Amino acid sequence: MSDWGRHATAKMTGIPASIGTQLLASGEGRRAGVMAPEAAFTPHRFITELARRGIRVEERIEEKGIVDSRPADALSSGHCESVSS
């Protein structure tokens, strides 16, 4: 984000909003009405669009000493297999 300087917050706010608008305009919304963003779109599609624009989403899960640090798009694609340490 160093290339955005003080305006990095604008990038992290504006780009996801733009993606949501584009997905709605293309008919990719799950249903009509008011809902949370995560309910409106397929997570994998949304995260893929973020990645295309240089925004990586990562998730770190720690449970009983097991750490799963796969990218969030792998986790949201239904590829959640048990992780061994």
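Brief notes about the overall build of the protein chain
Move 1: When helices and strands are counted, the protein chain shows four helices and two strands.
Move 2: Each helix and strand of the protein chain, ordered N terminal to C terminal, gives the series α-α-α-β-β-α.
Move 3: Of all 85 residues assigned to the protein chain, the portion counted as buried reaches 18%.
Move 4: Sequence separation of at least 24 residues holds for 31% of the intrachain contacts in the protein chain that already meet a minimum separation of 6.

Overview of the packing of helix H1 (residues 8-25) against helix H3 (residues 43-52)
Move 1: At a closest axis distance of 10 Å, the pairing of H1 and H3 adopts a crossing angle of 125°. Classified by the interaxial angle, the pair formed by H1 and H3 is oblique. Seen from above, H1 lies across H3 with right-handed handedness. On H3, the residues touching Pro16, Ile19, Gly20 and Leu23 of H1 are Arg45, Phe46, Glu49 and Leu50.
Move 2: Here the residues of the contact of H1 with H3 are counted per class, giving five nonpolar, one polar and two charged.

So, H1
Move 1: Over its 18 residues, H1 extends 26 Å from the first C-alpha to the last, a length consistent with the 26 Å expected when each residue adds 1.5 Å.
Move 2: Residues of H1 that are buried: Ala8, Lys11, Ile15, Ile19, Gly20 and Leu23. Taken end-on, H1 shows its buried residues confined to a sector of 145°, consistent with a single buried face. Facing away from the buried side of H1, by more than 90 degrees, are the exposed residues Thr9, Thr13, Thr21, Leu24 and Ala25.
Move 3: Of the surrounding secondary structure, the elements contacted by the buried residues of H1 are H3.

Notes on the packing of aromatic side chains
Move 1: Evaluated as defined, the whole model comprises one aromatic pair.
Move 2: Between Phe41 and Phe46 the ring centres are 6.1 Å apart and the planes differ by 15°, which places this aromatic pair in the stacked class.
Move 3: Take Phe41: its relative accessible area is 9%, and that puts it in the buried class.

Some thoughts on the nonpolar core
Move 1: Ranked by size, the top nonpolar core spans seven residues in total: Ile15, Ile19, Leu23, Ala40, Phe41, Leu50 and Ile55.
Move 2: Those residues in contact with Leu50, other than ones at most four positions away along the chain, are Pro16, Ile19, Ile55 and Val57.

Cut-offs and rules
Residues numbered from 1 in each chain as written. Predicted model: local features only at pLDDT ≥ 70, side-chain atom pairs only at ≥ 80, totals over all residues. Heavy atoms only, no water. Helix = DSSP H or I, 4+ residues; strand = E, 2+ residues; numbered from the N terminus. Buried < 20%, exposed > 50% of the residue type's maximum accessible area, 1.4 Å probe, protein only. Contact = heavy atoms within 4.5 Å. Axes fitted to C-alpha atoms, helices over the stretch in contact; angles between N-to-C directions. Parallel < 35°, antiparallel > 145°, perpendicular 65-115°, else oblique. Left-handed = near helix turned anticlockwise from the far one by under 90°. Nonpolar A, V, L, I, M, F, W, Y, C, P; charged D, E, K, R; others polar. Expected span 1.5 Å × (residues − 1). Arc of directions from axis to C-beta. Phe/Tyr/Trp six-rings, centres within 6.5 Å; stacked < 30°, edge-to-face > 60°. Core = buried A, V, L, I, M, F, W, Y, C linked by side-chain atoms within 4.5 Å.

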